[in-house]
Amino acid sequence: MSLNSVNTNLGAMVALQSLNRTNEGLNMTQKRISTGFRVNDAKDDGAAFAVAQSVRADVAGLNAANEQLGGTKGILDTALAGLTKVSETMVKVRETLVRLADDTLNADQRAQYESQYTALRTQIENFITDATYNGRTLLSTTAPEGGDIATTRNETGTTYTLTAVDGAGTLVVAAAPTDAAGAQAALGSGGDFETIQTALSNALNTFGSDSRYLDNQIAYNKDKADALEAGLGSLIDADLAKESARLQSLQIRQQLGTQALSIANQAPQTLLSLFR
């Protein structure tokens, strides 16, 4: 086919095809630079985009799980704060019981100590009742405020259960003893004070372990999310240094391609001018 054909300008066709390919590459490079992603949607790389969406879902699930764990941690920390105050008050309860166990007290002295004991018992009840966070508590087994809490711990919805205790029923000492024998019995082996102290120690130990677990789970979820995002970056992030260099190259090629197309389009015009 003649290169000087008026009907078919092969040079212009080739120049136009080359320029179109350059423009397509330029648009892709500009897209990567503007978004920072090598894979922006399924049109760029369907398989990589599908994997990326799955990883993004996992990261979102981990972040949601940590939000839920944070709320549960608030309930647990509030319960621990209440138990700590109960434990501190139990020290004073024991001191008062020891005084009440003395049979040499006169009636007025015993009444004073009984009043002190009753006040301490009321404080314990209040600490337990007030240990609520966002309407929930682990120091009661009565719904809707109390009861076990199954909190989401990871992106798959697996739960971790915190077991509530009946604070009012197991962590509050009995009413003030009315005589020395009653106080001595409360302090003795298997007595009321020992029973409450044991239940309190068990609750502190259990909730303390739960608190450490939640802290570790939250930290693990954060580390896992960071690792997933790092892997996601390796899969879909653009190499901006490389894309920047490619952008400059394509811009030069675009300019040269435009010039080549212009020169190719001038050839038929030159032929036509010969017949004028």
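The structure contained in this document is the topic of the report that follows. (Residues numbered from 1 in each chain as written. Predicted model: local features only at pLDDT ≥ 70, side-chain atom pairs only at ≥ 80, totals over all residues. Heavy atoms only, no water.)

### What about the packing of aromatic side chains?
Stage number 1. Taken as a whole and assessed by the stated rule, the structure comprises one aromatic pair.
Stage number 2. Here the aromatic rings of Tyr160 and Tyr213 are separated by 4.0 Å at their centres, their planes lie at 20°, and the arrangement is stacked. Of this pair, Tyr160 sits in strand β2 (residues 159-162) while Tyr213 sits in helix α6 (residues 192-236); the two residues are 53 residues apart in sequence, bridging distant segments of the chain. (Phe/Tyr/Trp six-rings, centres within 6.5 Å; stacked < 30°, edge-to-face > 60°. Helix = DSSP H or I, 4+ residues; strand = E, 2+ residues; numbered from the N terminus.)

### As for the packing of helix α2 (residues 46-100) against α6
Stage number 1. At a closest axis distance of 7 Å, the pairing of α2 and α6 adopts a crossing angle of 160°. Relative to α6, α2 is oriented roughly antiparallel. Here α2 runs over α6; the crossing is left-handed. (Axes fitted to C-alpha atoms, helices over the stretch in contact; angles between N-to-C directions. Parallel < 35°, antiparallel > 145°, perpendicular 65-115°, else oblique. Left-handed = near helix turned anticlockwise from the far one by under 90°.)

### Some points on the nonpolar core
Stage number 1. Ranked by size, the top nonpolar core spans 36 residues in total, and within it Met90, Val93, Leu138, Leu139 and Phe207 carry the most contacts.
Stage number 2. Ranked by the residues each element gives to this core, the list is headed by α2, at eleven residues.
Stage number 3. Excluding residues that lie within four positions of it along the chain, Met90 makes contacts with Ile124, Val173, Phe193, Ile196, Gln197 and Leu200.
Stage number 4. Of all hydrophobic cores here, the second largest spans nine residues; its members include Ala48, Val59, Leu232 and Ile236. (Core = buried A, V, L, I, M, F, W, Y, C linked by side-chain atoms within 4.5 Å. Buried < 20%, exposed > 50% of the residue type's maximum accessible area, 1.4 Å probe, protein only. Contact = heavy atoms within 4.5 Å.)

### A closer look at the environment of Ala164
Stage number 1. Assignment of secondary structure puts Ala164 in the loop between β2 and α4 (167-170).
Stage number 2. Among the residues examined, Ala164 registers a relative accessible area of 9% and is labelled buried.
Stage number 3. Considered as a pair, Ala164 and Thr206 are 42 residues apart in the sequence and their alpha carbons are 10.0 Å apart.

### So, a positive patch on the surface
Stage number 1. Residues Arg21, Lys242, Arg246 and Arg253 make up a contiguous surface patch of positive charge.
Stage number 2. Broken down by element, the positive patch gets its largest block of residues, three residues, from helix α7 (residues 240-273).
Stage number 3. Of note, Arg21 is situated in helix α1 (residues 10-35). (Patch = residues over 30% accessible without salt bridge, like charges linked within 9 Å, V, L, I, M, F, W, Y side chains within 5 Å. Areas by Shrake-Rupley, 256 points an atom, 1.4 Å probe, with all protein chains shown as cover. Salt bridge = Lys/Arg side-chain N within 4 Å of Asp/Glu carboxyl O. Lys, Arg positive; Asp, Glu negative; His and termini not counted. Charge placed at Lys NZ, Arg CZ, Asp CG, Glu CD.)

### Focus on helix α5 (residues 180-187)
An α-helical turn contains 3.6 residues, so a residue and the one three or four places further along point in the same direction.
Stage number 1. Among the residues of α5, Ala180, Ala183 and Ala186 are the ones counted as buried. The arc that holds the buried residues of α5, viewed along the axis, is 125°, so those residues lie on one side.
Stage number 2. Of the surrounding secondary structure, the elements contacted by the buried residues of α5 are α2, α3 (107-129) and α6. (Arc of directions from axis to C-beta.)

### So, a nonpolar patch on the surface
Stage number 1. A contiguous nonpolar surface patch, about 250 Å² in accessible area, is contributed by Leu10, Met13 and Val14.
Stage number 2. Locating Leu10 in the fold gives a position in helix α1.

### So, the pattern of salt bridges
Stage number 1. Enumeration according to the criterion identifies six salt bridges in this entry.
Stage number 2. In this structure, Lys73 and Asp215 form a salt bridge, with 3.4 Å as the shortest nitrogen-oxygen distance. Of this pair, Lys73 sits in helix α2 while Asp215 sits in helix α6, placing them 142 residues apart in sequence.
Stage number 3. Relative accessible area serves as the criterion here: at 38%, Asp215 is assigned to the partly exposed category.

### Regarding unusual backbone geometry
Stage number 1. In this model, Ala143 is joined to Pro144 through a cis peptide bond whose omega is 5°.
Stage number 2. Relative to the helices and strands, Pro144 resides in the loop between α3 and β1 (149-152).
Stage number 3. Located in the positive-phi region is Asn134, a residue other than glycine, with phi close to 55°.
Stage number 4. Along the chain, the position of Asn134 falls in the loop between α3 and β1.

### Side note on the pairing of β1
Stage number 1. Only one face of β1 is covered, namely the face carrying Ile149 and Thr151; the face carrying Ala150 and Thr152 is uncovered.
Stage number 2. Across four bridges, the pairing between β1 and β2 is antiparallel. Within β2, the residue paired with Thr152 across the bridge is Thr159.
Stage number 3. In this antiparallel pair of consecutive strands, β1 and β2, the connection spans six residues, and Gly157 shows a positive phi of 85°. (Pairing = 2+ DSSP bridges.)

### Some details on the environment of Thr195
Stage number 1. Relative to the assigned elements, Thr195 resides in helix α6.
Stage number 2. Note on Thr195: relative accessible area 44%, which makes it partly exposed.
Stage number 3. C-alpha separation for the pair Thr195 and Leu171, spaced 24 residues apart in sequence, amounts to 8.8 Å.

Honestly, it's all geometry; don't read function into it.
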